Amino acid sequence: MAQLRAEIDALDTELFARFAERMRYIHRAAELKRAAGIPANVPERVDEVVGNARARAEAHGLDPALYGEFWRMLVDAAIAEEERLGV
């Protein structure tokens, strides 16, 4: 069990590194949106990203409702960050 927990912890560390990488992309998107006059919240894109997450979850045998909601929260946080950055 200890080895399994260590592997899960290592995977969690990798996931957070990827979330940090994703946020760096969000910061770059904020710069581009601000320069182009695009709002932080583009509902069609939000729906697309959440829909993609649901489809990916389902393709991996995961609960699409759970991961769709998780991704919506992730996107909402990204929009809030873009707004904080002046988009």
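Residues numbered from 1 in each chain as written. Predicted model: local features only at pLDDT ≥ 70, side-chain atom pairs only at ≥ 80, totals over all residues. Heavy atoms only, no water.

> Give a detailed account of a nonpolar patch on the surface, specifying residues and quantitative values.
A surface patch of nonpolar side chains, amounting to about 320 Å² of accessible area, comprises M1, L4 and I8. According to the relative accessible area criterion, L4 is partly exposed, its value standing at 44%. (Patch = residues over 30% accessible without salt bridge, like charges linked within 9 Å, V, L, I, M, F, W, Y side chains within 5 Å. Areas by Shrake-Rupley, 256 points an atom, 1.4 Å probe, with all protein chains shown as cover. Salt bridge = Lys/Arg side-chain N within 4 Å of Asp/Glu carboxyl O. Buried < 20%, exposed > 50% of the residue type's maximum accessible area, 1.4 Å probe, protein only.)

> With reference to specific residues and values, describe the environment of R18.
Relative to the elements of secondary structure, R18 occurs in helix α1 (residues 2–36). A relative accessible area of 55% means that R18 is categorised as exposed. There is a polar contact of 2.9 Å between the side chain of R18 and the side chain of E21. (Helix = DSSP H or I, 4+ residues; strand = E, 2+ residues; numbered from the N terminus. Polar contact = N/O pair within 3.5 Å; in protein donor to acceptor, adjacent residues only side chain to side chain.)

> Any chance you could break down helix α3 (residues 64–84) for me, citing the residues and the numbers?
Helix length check: α3 (21 residues) gives 30 Å between terminal C-alpha atoms against 30 Å at 1.5 Å per residue, within 8%. Taken residue by residue, α3 has G68, L74, V75, A78, I79, E81 and E82 as its buried positions. Down the axis of α3, the sector holding all buried residues measures 160°, keeping them to one side. For α3, exposure combined with an orientation more than 90 degrees from the buried face picks out M73 and R84. Packing partners of the buried residues in α3 comprise α1 and α2 (43–59). The distance from a side-chain oxygen at the start of α3 to the backbone nitrogen of A65 is 2.9 Å, and the residue carrying that oxygen is D63. Positive phi shows up at G86, right after α3, with a value of about 95°. (Expected span 1.5 Å × (residues − 1). Arc of directions from axis to C-beta. Contact = heavy atoms within 4.5 Å.)

Limitation: the analysis is restricted to geometry and does not speak to function.
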